[in-house]
Protein chains: 2
Amino acid sequence: MADINSPVEIGVTTGPIRGSRKVYVGARTGSGIRVAMREIDLEGDEPSVRVYDTSGPYTDTDANIDINAGLPGLRSDWIHARGDVEEYDGREVKPEDNGQLGPDRSGGVPQFPNVVKRPLRAKAGHNVSQMHYARKGIITPEMEYVAERENLGRELAADFKRDGESWGAQIPDVITPEFVRDEVARGRAIIPNNINHPESEPMAIGRNFLVKINANIGNSAVASDVATEVDKMVWATRWGADTIMDLSTGRNIHDTREWIIRNSAVPVGTVPIYQALEKVGGVAEDLTWEIFRDTLIEQAEQGVDYFTIHAGVRLAYVPMAAKRVTGIVSRGGSIMAKWCLAHHKESFLYEHFDDITQIMKAYDIAYSLGDGLRPGSIADANDEAQFSELYTLGELTHRAWEQDVQVMIEGPGHVPMHKIKENMEKQLQVCGEAPFYTLGPLVTDIAPGYDHITSGIGAAQIGWYGTAMLCYVTPKEHLGLPDRDDVKVGVVTYKLAAHAADIAKGHPAAKVRDDALSKARFEFRWRDQFNLSLDPETAEEFHDQTLPAEGAKTAHFCSMCGPKFCSMQISQEVRDFAAKQNESPESFLAAEKLGAETAEASRQAAIKGMEEMSKLYDEKGRELYLPEG
Amino acid sequence: MADINSPVEIGVTTGPIRGSRKVYVGARTGSGIRVAMREIDLEGDEPSVRVYDTSGPYTDTDANIDINAGLPGLRSDWIHARGDVEEYDGREVKPEDNGQLGPDRSGGVPQFPNVVKRPLRAKAGHNVSQMHYARKGIITPEMEYVAERENLGRELAADFKRDGESWGAQIPDVITPEFVRDEVARGRAIIPNNINHPESEPMAIGRNFLVKINANIGNSAVASDVATEVDKMVWATRWGADTIMDLSTGRNIHDTREWIIRNSAVPVGTVPIYQALEKVGGVAEDLTWEIFRDTLIEQAEQGVDYFTIHAGVRLAYVPMAAKRVTGIVSRGGSIMAKWCLAHHKESFLYEHFDDITQIMKAYDIAYSLGDGLRPGSIADANDEAQFSELYTLGELTHRAWEQDVQVMIEGPGHVPMHKIKENMEKQLQVCGEAPFYTLGPLVTDIAPGYDHITSGIGAAQIGWYGTAMLCYVTPKEHLGLPDRDDVKVGVVTYKLAAHAADIAKGHPAAKVRDDALSKARFEFRWRDQFNLSLDPETAEEFHDQTLPAEGAKTAHFCSMCGPKFCSMQISQEVRDFAAKQNESPESFLAAEKLGAETAEASRQAAIKGMEEMSKLYDEKGRELYLPEG
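Residues numbered from 1 in each chain as written. Chains lettered and ligands numbered in written order. Predicted model: local features only at pLDDT ≥ 70, side-chain atom pairs only at ≥ 80, totals over all residues. Heavy atoms only, no water.

- An unreviewed UniProt entry lists chain A under the name Phosphomethylpyrimidine synthase, with Erythrobacter longus given as the organism.
- Database annotation for chain A, UniProt heading Subunit (unreviewed entry): "Homodimer."
- One UniProt comment on chain A, placed under Sequence similarities (unreviewed entry), says "Belongs to the ThiC family." (UniProt positions renumbered as here; feature names shortened; annotations may be inferred.)

Written as structure tokens, this is what we have:
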């Protein structure tokens, strides 16, 4: 076993995504904040396309990546400048935090060599959540960063035509820091960033922002390999994961998580009940509030940005799952259900909710109110158990908001298409428009092995209806643990679903990328097409080299002449006029309308004009598309 | 080069799909017609699940597969029994039919050894289309077959609760032959089956039937390999393709097609303009009506069941594509656009439409009215060019119906989610509810390499809205030619999308499979879960052997006691009553309502009851789910 304190060899993927380069855009406020994005340069005079970038410094050729050191503390100065935090002697790491029974650490994994000895927390009487600042009218650097990030650093063209159906969302043409503040103050968006995770690049989750995606990583009882999990985190964020959740359930949970958070440019979520369960040897009934609370502090000090808390799995709801086809499929939900049945008491998470909130506000950790009673099959969708829990999550949302603590709401699951909208509408109504964060939903159960697709279909729809973040599903769902390739496929599937939702909602900037790619495709600029796509490597790999390779710009033959010169083109004006007469354009132009002489003259002119165009077409080489100029 | 007449070694995949066995169900009319389906047997007492089966005799262990002989003429007797067809000396096969300039066949592929020398056509004055029979009030054996096939051979439970949103479709609980006749008579469904393709198992394409999918196969200019194409046809139908289209564009188109049709249990469609173009050496301007007509006859005699005809690409519409980002992406559309521009005349397909119809009615070939001006990018969706063509397709639909010729309408393409519904509504309105047959649509352009998914999202939605058939897209779309694996992924993706649409529409029998699979999943009956899935092999391959393997049936702890005995369950009756009082159940049960003494007594009873249940839970082993009995 290597010396526990020697540098660990962890290989992660670095270097730019093919065709992109990292840029840092100065916030227009002039504050000096620089927002990370990436730009895709195209051939010739085509303007570069700037895209949202979750990959962090790993894709920055100028960055010096040292996994043993962690990422730079991007937000440290901002956090300290607010003057409302203090360092303190953090909790001692205990052997059970890593699933070990004694002080002997052998059999564990190497500790992260640069653990912060004294974590931060709010000074007494202070609340460090972004929601608290927002409600005090303060625009934080995090909010500025988010505004610039969502705009992709440019003013939108004044003549941009909005085109979409947002079902009542309020997406502005330009995102301002003030807009961000207002959305966070209302609870309609969250900026998840624990004061002990200064390495993260701020991002917003909310209906009026770009739809976000989450990727799950984490070890299992079988494998406890730090290198694999850190690599998966870097890999998932490379391809577009906006947050990751560390769902480790095996050993070395604490140490593994430290490596991940210190090296993660995106917010990190967890389900603390998993680690708490490990501390009681996997016996749900032995869980106590004290053990759970201690686990929350432990994870808060490390810097976890959001906690999934299954406080909606109440004793009274557990029997409702008895009539289901697939019962309770949520791991956290099962754990709490067992506890409730064993003790026949109300859930301790529900009972101690306000105590949990006090911890959240001291570190700025957001709630992800868990859907422990989500449906795990089409048959169980939208049932009494599911909506009873949602009703309670609404109640808890308002209780958390009374303390200015950020909240998002987790959602299903397995839902057939015709039942998806009801989920969105109920959630908006009951939870005061808190951001919705769904797992898919899968729209049919019959395709294990393809559940990234069955759920991608539901995710695109519920994203369109207003869901703020989509938790990815990989091809291994229901079957096994995802490997690296599965993680990538899951991430790209969810990026395309989220993007399709942005387009459908009429997000002002979404279509830019589609248009640039389609133009490149039309002009056979293959390299540009690949570089603009979500996965340039796969696109190139699939590309058949025997396909046409013209690189020159092309233009439709007709556009050379212009519409005025095309004798047979029935102009748009004529069409409009004909439509007003409730006629087809052809009959409108018929002799009866124009007068016989005029019609005949028109016809002759048309015939002559057509002969001329036919000749011109032949001269030009008989191609539909020609080089410009 | 092998002797042109020796048997060809063509390897196709035979044998049952894992977990399924072929069954033949006698039509309830007692006519003796037996409909092919497959049944999935499950463990223990679980009832077998019967599913729709497109794989033909290839998955029948009792069938004797001989590619050189072709499939049995399932429908031959029915066709002849109608007494309205005659054999005749068919057209001679010409060298240009196979892309060769002289009589020397070397360099070609082996001919199918059992070509029918004298094809069938309608007797003079007769119309052999299913629509004609339907309009005369005749229920054909094909219609019977379809009815039984769509019902999956059983009466639906009388108490089945319909649950869906069909947007005005008319899906009956049970499909009767009379219902099929009526749908075909109205033109709302088609049964594509050329009298020269008696090997096909009849199927219906229509909004009120199960949503169908099509897989494209066919060679290219580069590869001309009969074995590959026949294998792809068998492979695609094995995994669920309801029809296939042979889109060959290279050499040996005629001979390749013969092998395919003779061995295909599903309808086969083509785009005749492709072969016509080969006959004029690839020069679109040299196409003539005569060459095209001759090609139609050639393909009709072989047995093609539906023709894509781009008669909607009219001269006046071509300039409308000039302002597009991706112009004209349809190959057939481009060909016709070039022809129109070269001659500056109206499309010869449009001008000769009624002549084409005369051919269709003599063989019972269905129109697939082509969407030559479909949008090839999000930017071009729902534009003037696209809907102008649709308007013309509506006109042509009614013209074809005047001759009792079956019609379906092709559709887009690339359409963002918020514009999908408009497509369905316009098509229903303009085309008299003729079946809609779309290519996706893709809901974003930015994910080449994943376009089976970007289009699966749109396909599921437009299928839900009423589209009758979905043309698959593979991961290679826009990039290269699909191989065998791509074909399978495309088919399974489109099967799950079509099935999700069936569920959302409230198709009475759709959910049966999802429920059976979810039950198997819940009970850890892994083998059953795999066998019920669309791709059992992949599901098993992905399955992690370390996951739990309990095989025993399980039941929720609470269901042992039953809801009456759970002290803390707030019963549904109380909930309902509380809801009527516009209160939450909790407050309803509060002391104020019940009276203090009753409330206290209730509380004490509840506490005692809960302690008892807690003890019982402990005795039973502290598990949420227990063996039944």
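## Comments concerning the overall build of chain A
Link 1 in the chain: Within chain A, the secondary structure is distributed over 23 helices and 17 strands.
Link 2 in the chain: Looking at chain A as shown, the accessible area adds up to about 22,300 Å², and 51% of this sits on carbon and sulfur atoms. (Helix = DSSP H or I, 4+ residues; strand = E, 2+ residues; numbered from the N terminus. Areas by Shrake-Rupley, 256 points an atom, 1.4 Å probe, with all protein chains shown as cover.)

## Some details on the relation of the copies chain B and chain A
Link 1 in the chain: Take chain B, turn it by 180°, move it 0.0 Å along the axis, and it overlays chain A with an RMSD of 0.1 Å. Put plainly, the chains are arranged around a two-fold axis. Minimal C-alpha distance to the rotation axis in chain B is attained by B:I457, lying at 2.4 Å. (Least-squares fit on C-alpha atoms with pLDDT ≥ 70 in both.)

## A word on the UniProt feature "domain: ThiC-associated" (unreviewed entry) in chain A
Link 1 in the chain: According to UniProt, the "domain: ThiC-associated" (unreviewed entry) feature falls on residues 17-86 of chain A.
Link 2 in the chain: Helix makes up 9% of residues 17-86 of chain A and strand 27%. Its end C-alpha atoms lie 39 Å apart.

## Describing the packing of helix 8 (residues 289-302) of chain A against helix 11 (residues 353-363) of chain A
Residue and element names in this part refer to chain A.
Link 1 in the chain: For the pair helix 8 and helix 11, interaxial distance at closest approach is 10 Å and the crossing angle is 10°. The angle between the axes of helix 8 and helix 11 places the two elements in the roughly parallel class. Seen from helix 8, the contacting residues are W289, F292, R293, L296, I297, A300 and E301; seen from helix 11, they are D355, I356, I359 and Y363.
Link 2 in the chain: Considered class by class, the residues forming the contact of helix 8 with helix 11 number eight nonpolar, no polar and three charged. (Axes fitted to C-alpha atoms, helices over the stretch in contact; angles between N-to-C directions. Parallel < 35°, antiparallel > 145°, perpendicular 65-115°, else oblique. Contact = heavy atoms within 4.5 Å. Nonpolar A, V, L, I, M, F, W, Y, C, P; charged D, E, K, R; others polar.)

## Considering the interface of chain B and chain A
Link 1 in the chain: In this complex, chain B contributes 113 residues to the contact, which on the side of chain A involves 112 residues.
Link 2 in the chain: Of the roughly 9,000 Å² buried between chain B and chain A, counting both surfaces, carbon and sulfur atoms make up 68%.
Link 3 in the chain: It is B:H344, B:I446 and B:Y450 in chain B that bury the most area against chain A; as a group they hold 9% of the surface buried on that side.
Link 4 in the chain: For the interface between chain B and chain A, the tally reads two salt bridges.
Link 5 in the chain: Close ionic contact of B:K419 with A:D163 constitutes a salt bridge, the shortest N to O distance being 2.8 Å.
Link 6 in the chain: Along the contact surface separating chain B from chain A lie 18 residue pairs in polar contact (both at pLDDT 80 or more).
Link 7 in the chain: The residue makeup of the side of chain B that touches chain A, split by class, is 57 nonpolar, 32 polar and 24 charged. (Buried area = accessible area lost by both parts, 1.4 Å probe. Salt bridge = Lys/Arg side-chain N within 4 Å of Asp/Glu carboxyl O. Polar contact = N/O pair within 3.5 Å; in protein donor to acceptor, adjacent residues only side chain to side chain.)

## Remarks on the environment of A:K22
All names here are of chain A.
Link 1 in the chain: With respect to the element layout, K22 can be found in strand 1 (residues 20-26).
Link 2 in the chain: Using a relative accessible area of 13% as the deciding quantity, one classes K22 as buried.
Link 3 in the chain: When the C-alpha atoms of K22 and D286 are compared, they prove to be 49 Å apart, with 264 residues separating the residues in sequence.
Link 4 in the chain: Apart from residues lying up to four places away in sequence, K22 is in contact with A36, M37, R38, D53, S55, G56, T59 and D60.
Link 5 in the chain: Reaching out from K22, the side chain makes a polar contact with the side chain of D53 at a distance of 2.6 Å.
Link 6 in the chain: Looking at K22, its side chain comes within polar contact range of the side chain of T59, at 3.0 Å. (Buried < 20%, exposed > 50% of the residue type's maximum accessible area, 1.4 Å probe, protein only.)

## Some details on helix 5 (residues 226-239) of chain B
All names here are of chain B.
Link 1 in the chain: A rise of 1.5 Å per residue sets the reference length of helix 5, with its 14 residues, at 20 Å; its end C-alpha atoms lie 20 Å apart and thus fit the reference within 8%.
Link 2 in the chain: Counting buried positions along helix 5 gives 12 out of 14 residues, so the element sits mostly inside the fold.
Link 3 in the chain: The elements touched by buried residues of helix 5 are strand 8 (212-217), strand 9 (243-246), helix 6 (253-262), helix 15 (484-505) and helix 18 (536-542).
Link 4 in the chain: Measuring from the side-chain oxygen of the N-cap residue of helix 5 to the backbone nitrogen of A227 gives 3.1 Å; that N-cap residue is D225.
Link 5 in the chain: At the exit of helix 5 stands G240, carrying a positive phi of roughly 130°. (Expected span 1.5 Å × (residues − 1).)

## Focus: the pattern of salt bridges
Link 1 in the chain: Counted under the stated rule, the structure contains 101 salt bridges over all chains.
Link 2 in the chain: Put simply, A:E199 and A:R262 hold a salt bridge, and the shortest N to O gap is 2.7 Å. Separated by 63 residues along the polypeptide, A:E199 in the loop between strand 6 (189-190) and strand 7 (205-206) and A:R262 in helix 6 (residues 253-262) bring together distant segments of the chain. For the pair A:E199 and A:R262, one class covers both residues: buried.
Link 3 in the chain: Notably, a salt bridge pairs B:R525 with B:E46, separated by 3.7 Å at the nearest N-O pair. Here B:R525, found in the loop between helix 16 (511-522) and helix 17 (526-532), pairs with B:E46, found in the loop between strand 2 (34-40) and strand 3 (49-51); they are 479 residues apart in sequence, far enough to count as distant.
Link 4 in the chain: Note on B:R525: relative accessible area 5%, which makes it buried.
Link 5 in the chain: Each of the salt bridges in this network shares a partner with another, and the network as a whole consists of A:R91, A:K94, A:D97, A:R257, A:K279, A:D294 and A:E298.

## Points about the state of the cysteines
Residue and element names in this part refer to chain B.
Link 1 in the chain: For the structure shown, the criterion picks out zero disulfides over all chains.
Link 2 in the chain: Not engaged in a disulfide, the cysteine C431 finds its nearest cysteine sulfur in C471; these two sulfurs lie 18 Å apart.
Link 3 in the chain: Since its relative accessible area comes to 0%, C431 is described here as buried. (Disulfide = S-S within 2.5 Å.)

## Quick look at unusual backbone geometry
One can expect most non-glycine residues to show negative phi and most peptide bonds to be in trans.
Link 1 in the chain: Following A:P412, the chain continues to A:G413 via a peptide bond in cis, the omega torsion being 10°.
Link 2 in the chain: Here A:G413 is to be found in the loop between strand 13 (407-411) and helix 13 (420-430).
Link 3 in the chain: Residues A:G440 and A:P441 are joined by a peptide bond in cis, for which omega reads 20°.
Link 4 in the chain: Checked against the element boundaries, A:P441 lands in the loop between strand 14 (436-439) and helix 14 (451-465).
Link 5 in the chain: Even without a glycine there, the phi angle at A:H344 is positive, about 45°.
Link 6 in the chain: Mapped onto the elements, A:H344 comes out in the loop between helix 9 (331-343) and helix 10 (348-351).
Link 7 in the chain: Phi at B:D404 is positive, roughly 60°, even though this residue is not glycine.

## Side note on the confidence of the model for chain A
Should pLDDT be low for a region, the predicted coordinates there are not to be read in detail.
Residues and elements named next belong to chain A.
Link 1 in the chain: For chain A, per-residue confidence averages 88 on the pLDDT scale, and 84% of positions sit at 70 or higher.
Link 2 in the chain: Between residues 1-6, whose pLDDT stays under 50, and residues either more than four places distant or in other chains, the model counts five contacts.
Link 3 in the chain: Here residues 559-578 is modelled with pLDDT under 50, and outside its nearest four sequence neighbours on either side it reaches 33 contacts, counting other chains as well.
Link 4 in the chain: Two numbers describe this predicted complex: its pTM, 0.90, and its ipTM, 0.89. (pLDDT = per-residue confidence, 0-100.)

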